[in-house]
Amino acid sequence: MANPLAEGLGLRRKPDPCALVVFGASGDLTKRKLFPALYALAYRGLLPDRFAVVGVARTEQPTRQFLTGMRAAVKQYARDPFRSDVFESLAEGVRYVATEFDDDSGEDRVGEALEDCDRTRGTAGNRLHYLAVPPQAFPTVVREIGERREREGWARVIVEKPFGHDLASARELSAMVQRWFREDEVFRIDHYLGKETVQNLMALRFANGIFEPIWNRQMVDHVQITVAESMGIEGRAGYYDRAGAIRDIFQNHLLQLLALTAMEPPIDFTADAVRNEKVKVLRAMHTPGPKSVVRGQYGRGWVEGEEVPAYREEPGVDPSSMTETYVAAKLYVDNWRWADTPFYVRAGKRLARRETTIAIQFKRAPHPPFEAIAGEGLRPNVLLIHVQPDEGVSLAIGAKVPGAGMQIRTVHMDFLYGGAFRESVPEAYERLILDAMLGDATLFTREDEVEEQWKLVDAVVGAWGRDRPTFPNYPAGSWGPSRSDELVHRDGRSWRRH
Amino acid sequence: MGVVAEIERKLARKRCREEADGVPELRTSTMTHLVWAPPEWVGAAKRVLAGLAERHPSRTIILVPLPGSRTGVEARATIRDFELPGGREVLSEVIELRLCGEAASHPASVVLPLLISDLPAFCRWRGRPAWDSPALAEIVEVCDRLVVDSSEWSGVPAAYADLAHLFPRTAVSDIAWRRTLPWRASLAARWPGIRSVERLTVEGPRADASLLVGWLRSRLRHEVALTRRSADIVSAVRVDGDPVDPPVGKAPSGSDLLSAELDTLTRDPVYEAAARAAVA
């Protein structure tokens, strides 16, 4: 019989007892994101009652020293005020194991630490493995944890992007992971999906009846998706010079945003229903021809009042590197809803400002009687979804300027997340770690999604092999190469004004 | 000029003044928040509102009934601004209306034109309502949710029978009920052992104790006796003599409790059943 006293208490489902095993625990991701997220979950009482963390990394240090670093990280990066009692309750369950990932004796010690967690923390053999390691270490770590998988309890694995380097390597990695883990045990993280505003995109589309009739090729002129960063590569030359903008941002964040914007309503908000719809969009996408893709690399320039070096001058970057730090493309989703509607997407580093937005630009009114007198002021309606910063939604509409005559100006109606909801917005990693503990994969990418994303990227990269652009081709602090503007101007359109 | 037009004009003027400081302003509202506060409750109501700070951007209308004075409405309107990250400010409006003489019996005539269209209206009613008063009847008609605190009343638990008459007309929440939530969670954690409880012993306010036992009676569908010892807050609960683990953490403030109620939009059938059963 169900507990009748539980009804109406608004209790959230708590995850099963478990141990979170973080591979790469001494790295930046753990310090900046994972541990502050765990602290935020502990702060709100959302972690399982019986919980432990086993940090695994190469850096030699005792658990005490690891915790000192994590305490400082929580103080610096957590969104909540530091409370010793919360941190200590989390710290009690933390163990740190220093080892090379392919060292059997080290892995034995990880196993011993986990057994100790089961014994002393009651984690019941449940394991959530977080691979915060460089992509080249994935196979080794997955093999180690797969071979040591225990019979008791559940085992899940969270894999950070990028999942593979191309379609072939992604498939190879999937096949390897699937030797030990079922698809529903694999959580491929794309932290954009954990962002409140990205989830709000689904709320906006599917909880508001007014948008459905206009969310299509009849009413939408085109869509622009921008993932712009003002920072450079922040010491990640080793990774970035191999990946470039297309693998770092386009393959995952950008295509995910596009899929969420274009997908059909799912029948419910379960993992497979949502992901089925996203896959349909990815499958419906045309491979863009060479003229529909622009790549760029930043040269020296000024960003926020500071002179910054060119990409090729960044520490660790090959001075003749041909890696792109900017990519823009015109994409088409060839289905009933979106046929012939261009999706202009762009992502880049060292751009004029940090901004992630989705702009739905609607077609102009068929016969605006004011056009002759509106001048430059009257622009098409744009529904702008701000993913970051200034999370929210704004709608650009035409309004009459007060006074004699009929002058029309474009004004913005704003919904700002922080203005309407004063709760601080949770960090993406909080939501994603909690969901993985609960076994809910809705906000994680599925194998077939990843493969579709790689198919598109491989086709674009394949075409790049046939030419050699002149790099650098845009100054740091600008909005990218001039060819990117031409890509949009050719269609009689322009990138949004900033 | 009527009082409503005068309020709107004052607010518009103050908004203009705020906008002149060069910081982009954002007018965001999630509701109209009415506060029915007889003079003896005005101080407490304002303290809770101050603690609520900017958590619920809204138009707040404080209604102060002064039935013994000459009929009329005195209005004060102020704008409060709260800084947001990114150099913007959110504006909230606070309107204080002193409803004098007969106007105290007809609050809807002033409230209705001031409600923000299409957004929910909550009314926090301070003190015990006069159940048959026209003022209560009018407020119940205009608000989507009536928030009371039955620990502010005398005559509990019998007064829950009067409150129950309002349930079909508007959603009702009770701060006293919200305050018992951690104890209810502790009691629920005793399932299934608690299924056959016969006696609940509570050290705490009468309202909180009555609602706890009403809740057990209604959920478990059998009689549960109540023994109560007086205390300012619920400090101990026993099930058939067996102590229940007290909730951990700091007790929420009055502002926190009200804030939680302002996030709830629908009727609460569990509370309604508990309040009805508390009378039995």
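Note that residues are indexed from 1 along each chain, following the sequence as it is written. All chains are assigned letters beginning at A, and all ligands numbers beginning at 1, according to the order in which they are written. Per-residue local features are limited, in this predicted model, to residues with pLDDT of at least 70; the limit for side-chain atom pairs, both in listing and counting, is 80 or more; totals at the level of whole chains, interfaces and linings are taken over all residues. Just so you know, side-chain values use all the structure's heavy atoms and leave hydrogens and water out.

For helices the rule is a DSSP run of H or I covering at least 4 residues; for strands it is a run of E covering at least 2, with both sets numbered from the N terminus onward. Scanning chain A from N- to C-terminus turns up 14 helices and 18 strands. When we talk radius of gyration, it's over C-alpha atoms, and the globule rule is simply 2.2 Å times the number of residues to the 0.38. Compactness check: chain A gives a C-alpha radius of gyration of 24 Å against a globular reference of 23 Å for 498 residues, within 12% of the reference. If you line up chain A on its principal axes, its C-alpha atoms span 80 × 65 × 45 Å. Note on contacts: a residue pair qualifies if any of its non-hydrogen atoms lie within 4.5 Å across the two residues. In chain A, of all internal contacts separated by at least 6 residues, the share reaching a separation of at least 24 is 78%. Neither His nor the chain ends is counted toward charge; the positive residues are Lys and Arg and the negative residues Asp and Glu. For charged residues, the charge sits on one atom: NZ in Lys, CZ in Arg, CG in Asp, CD in Glu. Computed over 66 positive and 71 negative side-chain charges, the inter-centroid distance for chain A is 4 Å.

Attention now goes to helix 7 (residues 196-206) of chain A. With eight of its 11 residues buried, helix 7 of chain A lies for the most part within the structure. To sort residues, take the accessible area from a 1.4 Å probe on protein chains only and compare it with the maximum for the residue type: under 20% means buried, over 50% means exposed, and anything in between is partly exposed. Buried within helix 7 of chain A are the following residues: T197, V198, Q199, N200, L201, M202, L204 and R205 of chain A.

This next bit is on the domain arrangement of chain B. Reports often express the size of an interface as the amount of accessible area lost when the parts come together. Residues and elements named next belong to chain B. Structurally, chain B comprises domain 1 (2-143) and domain 2 (178-279). Where each domain begins and ends is defined by an automated method or by a domain database. Its C-alpha centre places domain 1 at a distance of 32 Å from the equivalent point of domain 2. Each side of the interface is counted separately: domain 1 has 11 residues, and domain 2 has 10 residues. The term buried area means the drop in 1.4 Å probe accessible area that two parts suffer when joined, counted for both and summed. Carbon and sulfur atoms make up 70% of the surface buried where domain 1 meets domain 2, a total of about 820 Å² over both sides.

The subject of this paragraph is the sheet that holds strand 12 (residues 242-243) of chain B. All names here are of chain B. With mixed pairing, four strands are arranged side by side in an open sheet as 10-9-11-12. Strands with a single pairing partner mark the edges of an open sheet, and in this sheet they are strand 10 (225-229) and strand 12. Judged from the five bridges that link them, strand 9 (residues 199-203) and strand 10 form a sheet pairing that is parallel. Among the inter-strand pairings, L200 is bridged to a residue of strand 10, identified as L226. In this description, strands pair whenever DSSP reports at least two bridges between them.

Once that is clear, we can look at the sheet that holds strand 17 (residues 408-416) of chain A. All names here are of chain A. Spatial ordering of the open sheet is given by 8-12-13-7-14-15-16-17, a layout of eight strands whose pairing is mixed. Strands at the two margins of the open sheet, each flanked by one partner only, are strand 8 (293-296) and strand 17. Going across the sheet, the axis of each strand differs from the next one's by a mean of 15°, ignoring polarity. In this fold helix 7 packs onto strand 14 (355-362), strand 15 (382-388), strand 16 (392-400) and strand 17, with an angle of close to 150° to the strand it touches most, strand 15. Between N-to-C directions, angles cover 0 to 180 degrees, with each direction set by a line fitted to C-alpha atoms, over the stretch in contact for helices.

Here we come to helix 5 (residues 138-147) of chain A. When helix 5 of chain A is considered as a whole, its buried residues turn out to be F138, V141, V142, E144, I145 and G146 of chain A. Looking at the buried positions of helix 5 of chain A, the neighbouring elements they touch are strand 1 (18-23), helix 4 (104-121), strand 4 (127-131), strand 5 (155-159) and helix 6 (167-177) of chain A.

Time to look at the pattern of salt bridges. Residue and element names in this part refer to chain A. Put simply, a salt bridge is a Lys or Arg side-chain nitrogen that is within 4 Å of an Asp or Glu carboxyl oxygen. Taken as a whole and assessed by the stated rule, the structure comprises 59 salt bridges over all chains. The closest approach of N and O atoms between D118 and R127, which form a salt bridge, is 2.7 Å. What makes R127 buried here is its relative accessible area of 4%. Among the charged side chains, a network of salt bridges with common partners joins R149, R182, D184 and E185.

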